[in-house]
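# Reading the structure
Take a look at the letters that make up each chain.
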Amino acid sequence: MKIAIASGKGGTGKTFVSTNLFWVAAQQGADCVLADCDAEEPNVAEFLAGEEDRVEEVYQLVPVIDPGKCTFCGKCYEYCTYNAILYLPERKMIQVLPDLCHDCGACSYACQAGAITEHPKLLGRVKQTTYAASQQIIEGRAEVGVYSPVPVITKTIHQTGERELVFLDSPPGISCPFIATVDRADYVVLVTEPTPFGLHDLQLSAATVRQLGKPFGVVVNRAGLGNNEIYQWLEQESIPLLLKIPFDREVARIYAEGGLPAAVDDSYREMFSRLLTLIVKQRIS
Amino acid sequence: MRQIVIISGKGGTGKTSLSAALATMGGQLMVADCDVDAANLHLLLEPTDHSKHPFSTGSKAVIDQQLCTQCGACMDACRFDAIRYHEDRYTISDTSCDGCRLCMRICPADAISMIESNGSYWTTGTFRNGWMVHARLAPGEENSGKLVNVVREQSRQLSERMGLETILIDGPPGTGCPAISAMSGTDLALLVTEPSRSGFHDLRRVKQLADGFGIPSVVVINKYDLNEQVAAEIAAWCRSEKIPLIGRIPFEPAVVEAMLQCRTVVEWAPRSAAAGEIAAIHRQIFQSK
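Here the residue numbers are simple positions, counted from 1 along each chain's written sequence. Just so you know, chain letters begin at A and ligand numbers begin at 1, following the order they were written in. Selection of residues for local features in this predicted model requires a pLDDT of at least 70, selection of side-chain atom pairs for listing and counting requires 80 or more, and totals for whole chains, interfaces and linings are taken over all residues.

### Examining the confidence of the model for chain B
Detailed reading of predicted coordinates is not advised where the pLDDT is low. Of all residues in chain B, 99% have pLDDT values of 70 or greater, and the mean over the chain is 94. Across the assembled chains, the prediction reports ipTM 0.87 with pTM 0.91. The pLDDT value expresses, per residue, how confident the predictor is, ranging between 0 and 100.

Here it is in structure tokens:
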């Protein structure tokens, strides 16, 4: 079972929920893996460490045009949907802008002159670490300045294999990186906070998850800090409220230093065990 | 014209709350909300919108089953694994399709066409202290970076027409395409962080991004008193990197109360310590260039 922990807004506590859930599952001896899919800003490693096994690099292919062979027919330029080819025929100039290239292969297909070859460009790395005998942590990390983390995310999820429990710590937002993660999950946990920002973003992410046809429930983090509007909305929409995590300055302090509340406080361990049981149940029903 | 981007790498550090507060502190200006995935600035600034424009995020390929001869050429050519063969037919996954059109071009039966994705839009309006451009990405759409570019361009044009000298940009989280679009061509990056391992880690990555663009950075530590030890580490890092640390905002109930009232903390609780600190940040950004 793959469980994505996601939110529209950043900083609501996705990694907080993912790492504590994984820790509880690992304590119970589950065959599980935590995949850090927030490849633009991976943070799981700040909280959980393991023995590094393997690092795989992720590349995309970027075309290079040989001006000696190019006939300046303009067909590659016409085929490129991403404006990644600079084409000035009157000046006999043609060049690929690698940052705009999506590695679709259309220009290579278009070129009849054999002037285009494709060369690998590093997008990021996927790191596998062993946490314990049957538990693993996988991190996707995009290079800074890379346009799309999606190929890194795809590779990260691919490497989780068929475990009993797969936790996907998702990137924020509602666009490509979020979709690339959530679309591969069997169940989605949306983490939010009880503020106007939290509610507004929850409404957007809930609409996106519904569109993808995924079953989902909500965890409200920092409960008690805001107002009650979010609970009214959840009830109105018949969305299951899986857990309320109270705002606690002490917990915020522990977590800020890289500690996991579930590991140091019994009440948090129980809270996340209950959440895990509830998610598995929700999925079955 | 001076463009200042407020950015953080990590989400939830307080970019929008700080942007809104700085936007309401005097001097008419332009505000551009570039977090198009999760735009929230309008909740605090409550703009009166004057015009709304649709934005197409690209297009997706679809196969006409009547025309398809099941040759499979599209599936072999697609590099996004978007085409599947299931129950004797080829179909294209909406969520995986990148809109590159290669399958449409190679299909020998002309069975593939493209459908435009609509539903996203951008808006211009005025708020109590100037002008605002914001946008909304339709759920599940791609190309948020392109929509960010539109917001940037429109805010520039409108500022010129209105004679506004400052554009304040509320940036998205991350370091990928929307963050790159929000940051490129700005004059100053205000990096907002929080005193946590993850906040600090992400601050270093986003600083690397600003350096890549050659944009000078300044740092603000929000909620600094939630962990003064990590805050001190961040301050030490700023010193060693020679980045001005221009503010430490305390964590106060007034900040949350203000948000619940859909007001900025400088308006809701002008005497709070947080409002005082933000006023000092405002002075440093706007009075010294």
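Resuming the write-up.
### Digging into the environment of L34 of chain A
Of note, L34 of chain A is situated in strand β2 (residues 32–36). On a C-alpha basis, the gap between L34 of chain A and W23 of chain A in space is 9.4 Å, while along the polypeptide they are eleven residues apart. Strands here mean DSSP runs of E at least two residues long; helices mean DSSP runs of H or I at least four residues long; both are numbered from the N terminus.

### Digging into the sheet that holds strand β3 (residues 48–55) of chain B
All names here are of chain B. Two strands pair if DSSP finds at least two bridges between them. Strand order across the open sheet formed by nine strands is β3-β8-β9-β2-β10-β1-β11-β12-β13, with mixed pairing between neighbours. One side of each edge strand has no neighbouring strand; the edge strands of this open sheet are β3 and β13 (245–249). Taken pair by pair, the neighbouring strands of this sheet meet at an average axis angle of 15°, ignoring direction. As defined by bridge partners, strand β8 (residues 120–127) adjoins strand β9 (residues 130–136) across seven bridges and the pair is classed as antiparallel. Along β9, the bridge assignment pairs Y121 with R136. Helix axes are fitted to C-alpha atoms over the stretch in contact, other axes to C-alpha atoms as well, and angles between N-to-C directions run from 0 to 180 degrees.

### A short note on the domain arrangement of chain B
Residue ranges labeled as domains rest on an automatic or database domain assignment. As assigned here, chain B comprises domain 1 (2–56 + 120–286) and domain 2 (59–116). Placing a centre on the C-alpha atoms of domain 1 of chain B and another on those of domain 2 of chain B gives a separation of 41 Å.

### Examining the interface of chain A and chain B
Think of it this way: build a C-beta for each residue from its backbone, and any pair within 7 Å is a contact. Contacts between the two partners involve 53 residues from chain A, matched on the other side by 49 residues from chain B. Those elements giving two or more residues to the side of chain A that touches chain B turn out to be α3 (106–110), α5 (176–182), α6 (196–211) and α8 (249–256) of chain A. Looking at which element gives the most residues to the side of chain A that touches chain B, the answer is α6 of chain A, with eight residues. Note on residue classes: Ala, Val, Leu, Ile, Met, Phe, Trp, Tyr, Cys and Pro are nonpolar, Asp, Glu, Lys and Arg are charged, and everything else, Gly too, is polar. By residue class, the composition of the side of chain A that touches chain B is 24 nonpolar, 20 polar and nine charged.

### Examining the sheet that holds strand β10 (residues 216–223) of chain A
One key point about sheets: their strands pair by backbone hydrogen bonds, in either a parallel or an antiparallel sense. Residue and element names in this part refer to chain A. Reading across the sheet, the nine strands line up as β3-β6-β7-β2-β8-β1-β9-β10-β11 and stay open at both edges, with mixed pairing between neighbours. Unpaired on one side and paired on the other, β3 (51–65) and β11 (241–246) mark the two borders of the sheet. Sheet twist, expressed as the mean angle between neighbouring strand axes with direction ignored, is 20°. One ladder, built from four bridges, connects strand β1 (residues 2–6) with strand β8 (residues 165–169); its direction is parallel. Within β8, the residue paired with A4 across the bridge is L168. Lying on the sheet, helix α10 (residues 266–284) is in contact with β1, β9 (187–192), β10 and β11; it crosses β11 at an angle near 165°.

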